[in-house]
Structure formats: structure tokens, C-alpha cells
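Here is how the chains run, residue by residue.
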Amino acid sequence: MDQLDGRLIDLFAADPRVGVLEASRRLGVARGTVQARLDKLTAAGVITGWGPDLSPEALGFPVTAFLTLEIRQETSQGGHDAVGAHLAGIAEVLEAHTITGAGDMWARVVARSNADLQRVIDRVLEHPAIVRSSTVIALATQVPYRVRPLARTVTR
């Protein structure tokens, strides 16, 4: 990535509906250059999507929690992949990661209320490979998920 790629990413992140022609005008480069750069960044996996960012809170899910799951290590239960597939089937699970440390998997979940969070946790724990979980509830978001500052370090 170079500085033009960084400016292109910033432009589309700030105004995703800008269009290639308008982006070329704003950046002072040819339309073909913008399209080629977007194609290159997409093919390289730098740009992973063009969809709208959604707010769980605005969708009626204001509670965010983080579950640390301990997974039975027996292969008869399917292990991490089977638990991951189970979690993918629960709409309130926003993401899940295999981790190191105290626990085997970490999941970010949302719920309609603290009481509803128990329902979500119960759904997560339905999988027989999950031995136990611990839960922390997010009180406020200090730094939302972001990648653009990281991309800026690459273009320097």
C-alpha cells in the first residue's frame, strides 16, 4: 500500500457511496487508476466488503457481552470447529475467536437486555463440547472496532 491507497481507503470509508468517477475527481487521479487500485486492494484482501456498517444498539440489542468459553478437548465432540459452527448459527454471536490463555474461545455477543443475555448464553452453552463459560458485560465502548489507523501505518 502507498499513500494513494491510503487516501482512497479514507475517502471510501468516509463516503462509501462516492463512486469511482467522483473519487478520481477528489483525489486528482484518473478514473482507471481508482478502479485499478480498488480492484488490487480487494484482490489482496485489504478491502473485505462494501456493505453498510450496522449498529446492534439501533437494531434493539443494546447489551454487549464477551464470553470466554472452555472447550472439551475430546475429538468426539468436534472441538473448536464444531463449536464455531454452533456459534455461527446464533444470530446474537457477532464474532468468535480461538484464543490462548484462560479459556479456549472468545465470543462477542449482543442481547436485548441483561435478562435476555441469559437466553443467549444458554443457547451458546447448548453445545456439548463447551464445558463452561465466563461472561463480562461491556459498560461502554471506548474504542470501537477499527482498522483504518492501522492501514495508515502501512502507507507511511
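Our subject is the structure listed above.
Keep in mind it's a predicted model, so treat the numbers as computed, not measured.

Reading the values: the criteria
- Residues numbered from 1 in each chain as written.
- Predicted model: local features only at pLDDT ≥ 70, side-chain atom pairs only at ≥ 80, totals over all residues.
- Heavy atoms only, no water.
- Core = buried A, V, L, I, M, F, W, Y, C linked by side-chain atoms within 4.5 Å.
- Buried < 20%, exposed > 50% of the residue type's maximum accessible area, 1.4 Å probe, protein only.
- Helix = DSSP H or I, 4+ residues; strand = E, 2+ residues; numbered from the N terminus.
- Pairing = 2+ DSSP bridges.
- Contact = heavy atoms within 4.5 Å.
- Axes fitted to C-alpha atoms, helices over the stretch in contact; angles between N-to-C directions.
- Salt bridge = Lys/Arg side-chain N within 4 Å of Asp/Glu carboxyl O.

Kindly report on the nonpolar core, identifying the contributing residues and their values.
Counting 19 residues, the largest nonpolar core has Leu87, Val109 and Val124 as its most contacted members. Of all the secondary-structure elements, those providing two or more residues to this core are strand 1 (63–71), helix 4 (79–88), strand 3 (105–111) and helix 5 (114–124).

Outline the pairing of strand 2 (residues 93–98), listing residues and values.
A regular strand carries its side chains on alternate faces of the sheet. Looking at chain direction, strand 2 and strand 3 are connected through five bridges and run antiparallel. The residue of strand 3 that forms the bridge with Ala96 is Ala107. Counted between consecutive antiparallel strands, the loop separating strand 2 from strand 3 contains six residues, among which Gly101 sits at a positive phi close to 95 degrees.

Could you give an account of the side chain of Asp5, with specific residues and numbers?
Among the structural elements, Asp5 can be located in helix 1 (residues 3–14). In contact with Asp5, other than residues within four places in its own chain, are Arg37, Lys40 and Leu41.

With reference to specific residues and values, describe the pairing of strand 3.
With five of seven residues buried, strand 3 is to be regarded as a mostly interior element. The sheet contact formed by strand 1 and strand 3 spans seven bridges and is antiparallel. When the bridges of strand 3 are listed, Val63 appears paired with Ala111.

Residues and numbers for the sheet that holds strand 1, please.
As summarised here, the arrangement of the four strands in space is 2-3-1-4, forming an open sheet in which the pairing is antiparallel. A single partner strand is all that each edge strand has here, and the edge strands are strand 2 and strand 4 (130–137). Sheet twist, expressed as the average angle between the axes of neighbouring strands with direction ignored, equals 20 degrees. As paired elements, strand 1 and strand 4 share seven bridges and run antiparallel to each other. Looking across to strand 4, one finds that Leu67 is bridged to Thr135. Relative to the sheet, helix 4 contacts strand 1, strand 2, strand 3 and strand 4, its axis offset from that of strand 3 by approximately 10 degrees.

Please set out the pattern of salt bridges residue by residue, giving values where relevant.
Applying the stated criterion across every chain, the model contains twelve salt bridges. Notably, a salt bridge pairs Glu22 with Arg26, separated by 3.1 Å at the nearest N-O pair. Taken together, the residues Glu22 and Arg26, both in helix 2 (residues 20–27) and four residues apart, mark about one turn of the helix. Here Arg108 makes a salt bridge to Glu95, at a shortest N to O gap of 2.3 Å. With Arg108 in strand 3 and Glu95 in strand 2, this pair connects stretches of sequence that are 13 residues apart. A residue is classified by how much of its surface remains accessible, and Arg108, at 23% relative accessible area, is partly exposed. Using a relative accessible area of 23% as the deciding quantity, one classes Glu95 as partly exposed.

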